[in-house]
Amino acid sequence: MESTIVKAENYNSYFGDNHVVKDVNISINRNEVIAVMGPSGCGKTTFLRGINRMHELIPNATSKGKILLDGENVYDMNAIYVRAKIGMVFQRPNPFPNLSIYENVVAGYLLNGIKVSKADRDVIVEKSLTSAALWKEVKDSLHKKGTFLSGGQQQRLCIARAIAMEPELILFDEPTSALDPISTSSVEQLFHELKEKYTLIIVTHNMQQAARVSDRTAFFYMGELVEFDDTKQMFTNPADQRTQNYITGRFS
Amino acid sequence: MIAMSVLLVLIILGVLATLIVESMPSIKSLGIGFLWGKVWDPVSNVYGAYPFLVGTLLTSFIALIISIPFSYAIAIYLGEYNPKGWLSDLLKNTVELIAAVPSIIYGFWGLFVLVPIIRTFEMKIGVAPYGIGVFTSSLILAVMIIPYAASLGITLIRMVPSPLKEGAYALGATRFEVIRSVIMPYTRSGLFAGVLLSLGRALGETMAVTMLIGNTSAVANTLKDAIFGPGNTMASVIANEFTEADHTQYLSALIELGLVLFFVTVVINLIGKRIITRFTND
Amino acid sequence: MEARIGFRNTKSVIFKGIIVFFAFLITLPLIIILLYIIKQGVMNVNWHFLTHVPAPVGETGGGIANALVGSFIMVLMAAIIAIPVGMAAGIYLSENPKTKLAYYSGLCVDILQGVPSIVVGIVVYFWIVKPLGTFSAISGSIALAIMMLPIVIRSTEQTLRLLPASLKEAALSLGVPYHRVILKVIVPCGFAGILSGIMLSIARIIGETAPLLFTAFGSPFLSTKITQPMESLPHLIYTYATSPYDDWHNLAWGASFILLMFVLILNIVTKVITRKWKVQL
């Protein structure tokens, strides 16, 4: 199996005439944890959302270039299929309030009308919740609605929901910025466990988080991918002056 | 889904088109003078809308004047003095109940209970004791339209930002003064919109008015007679005479009344709604 | 300064008194009316009343069975027409608020809300009664459906607008196609609000008379033929209340009582349902 899982080739994103992501070329390997960071408005979230084609859901949002998932351009594939294949976890936990915890985990199957036997569903629920480090806490209240959990638990539920679809790649859009410190560290702990089976791309504006959890880090500035390197290397000896400025807090 | 929204537009256009087409004969033969023609005599084929314009305006405005103090009182009480709690919920539900009672029931009750009372009242003040008439209809109408301005008023008054009120209190204002100098000016245009919505409701009300107004198409001589005597509104004359209209002239004159009624109510309602959206978007 | 404050305070208290007085005074007419209807109506309602059609003039007894059946059938048909159309339009308006179509159809909903019910009746007369050559229940239902639409549309639209955008995003990111996101996530989450809008619109139209005057017309017979005239509760009340016969007045009181009870119960049930089934966001 090829080691490159995601490759962006001359990828550009626009909101109307606003050129938000400029000519990005990047190659990401399997089972890596990639942090994507940069100041507000640098295009990191827009780039992330371009990978699973969520970007185009916004009116007037367009893109050019290629994003290859396992060698295939996602923009040549059916968008819905792409989204089902790639998992996404959002900044604010968003479990479905009308579904129970159990149903939330398998929501990807339920909402798509994919028939799964009860036995298989039970297995999926337990596996996904265990991988999300939530199983022990909720196994006795699976029928309760998802919105009754704490913020950190809700976010782990959303992670379980994404995992249940058996993606190879999971995208995280500032997944801990709405969480308290304890929940944040439990989710970060999860990243270490998840990378054994999945590839993770995590947008974060928390530099310490990037340093803690990622193998490589991509630094975006004003829509451009300025630097992409081994995390330790980037934080101790950045190649570009702009990266240096960001890390030392000249702008944030 | 798009189809359904298109359907909506088609319905409205259809309504307008039908009204215009069917009133064409009358529009053609009577022209604009229809609006101030004082005689409505189907037998002699003479049609004038003036009596009904007067009737509609009189009933609606009298109802409005009577109802406004009540609507405002409810809005101020539930919006400012007592926005939460069991008593407030009780009053709010009561007001909503007033709006929920079908108009036919108001009319029925009015016919059997209110009319005799008014008759006695009219005898006391020396007017012809019809019992039914413009005044009686206006009374019932007033009760019916109170909830419209009231509910809107409650929402608007609750929307007044606390910092604004607190600024006034901090300067030593009494509750009344805060209401008068802060809340009322802030909600003025919105409350006006509420009045317009109540008016729109009053203009279009048919059944209760039809049962209580006396169904006379003549123009009264004095204002006193006009108010305390029988009359007709555009809605009530249509309700009463539509099925009796046996020739085209008659029918299309009635439809033309419907067209006028349509325009007046729609315009008033739209103005009211426009004010509200502008208010809530600020 | 202090005497002045005292005076101002008194003014404030008096003002509150006036407000309270007027605010609660309004409950009087309502209570009087309700009690009167209940008193007059209860006397007349019994099993015979509910299961027989009105007796001819001069004979006592009789009931409102034709009106009960008629109202039920016509309201049901109106709901069948108005609910899907209204929900679809409401969903469209909440999902696509910026399109031209949304602007114009939203405008039309506002216009429709203000159209007097008698005008709706006239128009449906020309659309359906005249071409068909007869008054009919179906024309009455269509008139009622037109009146239901604005309420259903607005409550659907407003309920769905209040749902957070993250809900849709979560479903879309799982690879759920758009129409399923709407049907299986958005609408179920807004169910309580949508249902209450539907029930309120039904409560509104079961009491409507004017649209039925020239469409369903009315009939002394119990019928289920939708292409023929049909009686309804409010229309029966109107006809019999304005008649000169005491027997018929009694029928009208009984019918008013039944109608009032329906409306009250619908309103109460709506409130209970909204509270119970509201999805915690």
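Residues numbered from 1 in each chain as written. Chains lettered and ligands numbered in written order. Predicted model: local features only at pLDDT ≥ 70, side-chain atom pairs only at ≥ 80, totals over all residues.

J.: Go over the overall build of chain A, please, and point to the residues and values.
T.: Along the backbone of chain A there are 11 helices and 10 strands. Whereas a compact globule of 252 residues would reach a radius of gyration of roughly 18 Å, chain A reaches 18 Å, a difference of no more than 12%. Counting only C-alpha atoms and orienting by the principal axes, one finds that chain A spans roughly 55 × 40 × 35 Å. Within chain A, contacts between residues separated by at least 24 positions form 69% of all contacts whose residues are at least 6 apart in sequence. (Helix = DSSP H or I, 4+ residues; strand = E, 2+ residues; numbered from the N terminus. Rg over C-alpha atoms; globule rule 2.2 N^0.38 Å. Contact = placed C-beta atoms within 7 Å.)

J.: Run through the packing of helix α1 (residues 2–30) of chain B against helix α4 (residues 65–95) of chain C, naming residues and quoting values.
T.: Any two packed helices are characterised by the angle at which their axes cross and by the distance between the axes. Put simply, α1 of chain B and α4 of chain C touch, their axes get as near as 8 Å, and they point 105 degrees apart. In this view, α1 of chain B runs roughly perpendicular relative to α4 of chain C, as classed from their interaxial angle. Contacts between α1 of chain B and α4 of chain C involve Ile2, Met4, Ser5, Leu7 and Leu8 of chain B on the former and, on the latter, Val85, Ala88, Ala89, Tyr92 and Leu93 of chain C. A breakdown of the residues in the contact of α1 of chain B with α4 of chain C according to their chemical character gives nine nonpolar, one polar and no charged. (Axes fitted to C-alpha atoms, helices over the stretch in contact; angles between N-to-C directions. Parallel < 35°, antiparallel > 145°, perpendicular 65-115°, else oblique. Nonpolar A, V, L, I, M, F, W, Y, C, P; charged D, E, K, R; others polar.)

J.: Residue-level account of the interface of chain B and chain C, with values.
T.: Counting residues at the interface gives 59 residues for chain B and 60 residues for chain C. Looking at the side of chain B that touches chain C, the element that brings in the most residues is α1 of chain B, giving 13 residues. Class assignment of the residues belonging to the side of chain B that touches chain C gives a composition of 44 nonpolar, 11 polar and four charged.

J.: Please set out the interface of chain C and chain A residue by residue, giving values where relevant.
T.: Reports often express the size of an interface as the amount of accessible area lost when the parts come together. Contacts between the two partners involve 19 residues from chain C and, on the opposite side, 21 residues from chain A. Those elements that place two or more of their residues in the side of chain C that touches chain A are α8 (165–173) and α9 (178–189) of chain C. Sorting elements by how many residues they give to the side of chain C that touches chain A places α8 of chain C first, with seven residues. Its residues placed into classes, the side of chain C that touches chain A shows 12 nonpolar, four polar and three charged.

J.: Explain the arrangement of the chains to me, and be specific about the residues and the numbers.
T.: Sorting the two pairs of chains in contact by contact count puts chains B and C at the top. Nowhere do chain A and chain B come into contact; their C-alpha atoms are at least 18 Å apart.

J.: Residues and numbers for the pairing of strand β6 (residues 86–89) of chain A, please.
T.: Residues and elements named next belong to chain A. With burial as the criterion, each face of β6 is covered, one bearing Ile86 and Met88 and the other bearing Gly87 and Val89. Where β6 lies against strand β7 (residues 169–173), four bridges are found, and the strand directions are parallel. Looking at the pairing, Val89 lines up with Phe172 of β7. (Buried ≥ 20, exposed ≤ 12 C-beta atoms within 10 Å, placed from the backbone. Pairing = 2+ DSSP bridges.)

J.: Lay out the environment of Val152 of chain C with the relevant residues and their values.
T.: Residues and elements named next belong to chain C. Mapping Val152 onto the fold places it in helix α7 (residues 137–161). You can call Val152 buried: it has 27 C-beta atoms within 10 Å. Residues contacting Val152, with those up to four places away along its chain left out, are Ala82, Ile83, Gly86, Met87, Gly90, Gly197, Ile198 and Ser201.

J.: Go over the nonpolar core, please, and point to the residues and values.
T.: Counting residues in hydrophobic clusters, the biggest one holds 251 residues, and the most contacted among them are Val36, Leu200 and Ile202 of chain A, Ile74 of chain B together with Met148, Ile237 and Ala255 of chain C. Looking at which element gives the most residues to this core, the answer is helix α5 (residues 134–158) of chain B, with 17 residues. (Core = buried A, V, L, I, M, F, W, Y, C linked by C-beta atoms within 7 Å.)

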